[in-house]
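Descriptive analysis of the structure
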Amino acid sequence: MRCPVCRAEYRSGAVLCRRCGLDWSPLLAVLDQALAYHRRALAAFEGGDYALAAEANDQALNLTQDQDSFHQLRGQLLFLAGDFSGAAQAWRRALRLAPDGEAQRLLQGLQELLLAVAGDVSLNPTIGSQAPL
Ligand SMILES: [Zn+2]
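Cut-off values and rules
Just so you know, the residues in each chain are numbered from 1, in the order the chain's sequence is written. Under the rules for a predicted model, residues below a pLDDT of 70 receive no local features and side-chain atom pairs below 80 are neither given nor counted, while totals for whole chains, interfaces and linings still include all residues. Every helix listed is a DSSP run of H or I at least four residues long, and every strand listed is a run of E at least two residues long, numbered separately from the N terminus. Taken over C-alpha atoms, the radius of gyration is set against a globule rule of 2.2 Å times the number of residues to the power 0.38. Burial is judged by counting other C-beta atoms within 10 Å of a residue's own C-beta: 20 or more means buried, 12 or fewer means exposed, and anything between counts as partly exposed, with every C-beta placed from the backbone. Here, residue contact means that the backbone-derived C-beta atoms of the two residues sit within 7 Å. Given a helix with a known number of residues, its expected span is that number minus one, times 1.5 Å. The arc in question is the one spanned by the directions pointing from the helix axis to the C-beta atoms.

Considerations on the overall build of the chain
- From N to C terminus, the chain includes six helices and zero strands.
- In sequence order, the secondary structure elements of the chain are arranged as α-α-α-α-α-α.
- Since a compact globule built from 133 residues should have a radius of gyration of about 14 Å, the 20 Å found for the chain marks it as more spread out than a globular shape.
- Taken along the three principal axes of its C-alpha coordinates, the chain extends 70 × 30 × 15 Å.
- Here the chain holds 133 residues, and the buried ones make up 20% of them.
- Look at the contacts in the chain between residues 6 or more apart in sequence, and 29% of them connect residues 24 or more apart.

Structure representation (structure tokens):
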């Protein structure tokens with residue numbers, strides 16, 4: 001999380017921004033609420049209720065856009081709904097926020113899946129018409 005005034009990085013436990021003196025508490029209250037929505041979304045996701053998971057995760061994203069885990073879950077939910085380009089977009093956002101996070105693996109998996117589908121002879125009549133090697 002960054003200070004909206006001076007862009008200084010938030011330090012855990014701080015009450016005031018170390019650079020400009022902004023009071024962090026209202027922002028931390030919003031973040032707490034967003035994390036609560038996200039936890040609800042994760043519980044629904046694990047329970048297989050993807051509609052509830054998407055709703056709760058969107059509520060979390062409405063409060064803050066700078067948590068990579070929110071975008072990552074959004075990508076997973078979009079993927080499950082068959083929206084692969086939306087999923088890739090959400091995972092790329094997660095990746096920008098956390099370059100060494102799990103989104104890299106998810107994006108790579110999606111890319112491999114799409115390549116496998118593109119190479120599937122049953123879905124590609126020009127390849128299917130050729131004799132197998
Ligand atoms: Zn500041």
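Back to the write-up after that little detour.
Brief notes about helix H1 (residues 25-46)
- Here H1 is 22 residues long and its end C-alpha atoms lie 31 Å apart, about the 32 Å a rise of 1.5 Å per residue gives.
- Listed as buried for H1 are Ala34, Tyr37, His38 and Ala41. Projection of H1 onto a plane perpendicular to its axis shows the buried side chains occupying an angular sector of 100°, all on one side. In this structure, H1 carries Ser25, Ala29, Asp32, Arg39 and Glu46 as exposed residues pointing more than 90 degrees from its buried face.
- In this structure, the buried side of H1 is in contact with helix H2 (50-63) and helix H3 (68-80).
- At the exit of H1 stands glycine 48, carrying a positive phi of roughly 85°.

Some points on the environment of phenylalanine 79
- Mapped onto the secondary structure, phenylalanine 79 falls in helix H3.
- Residues phenylalanine 79 and leucine 110, spaced 31 residues apart in sequence, show a C-alpha to C-alpha distance of 8.7 Å.
- The contacts of phenylalanine 79, once residues within four sequence positions are left out, are Phe84, Ala87 and Leu110.

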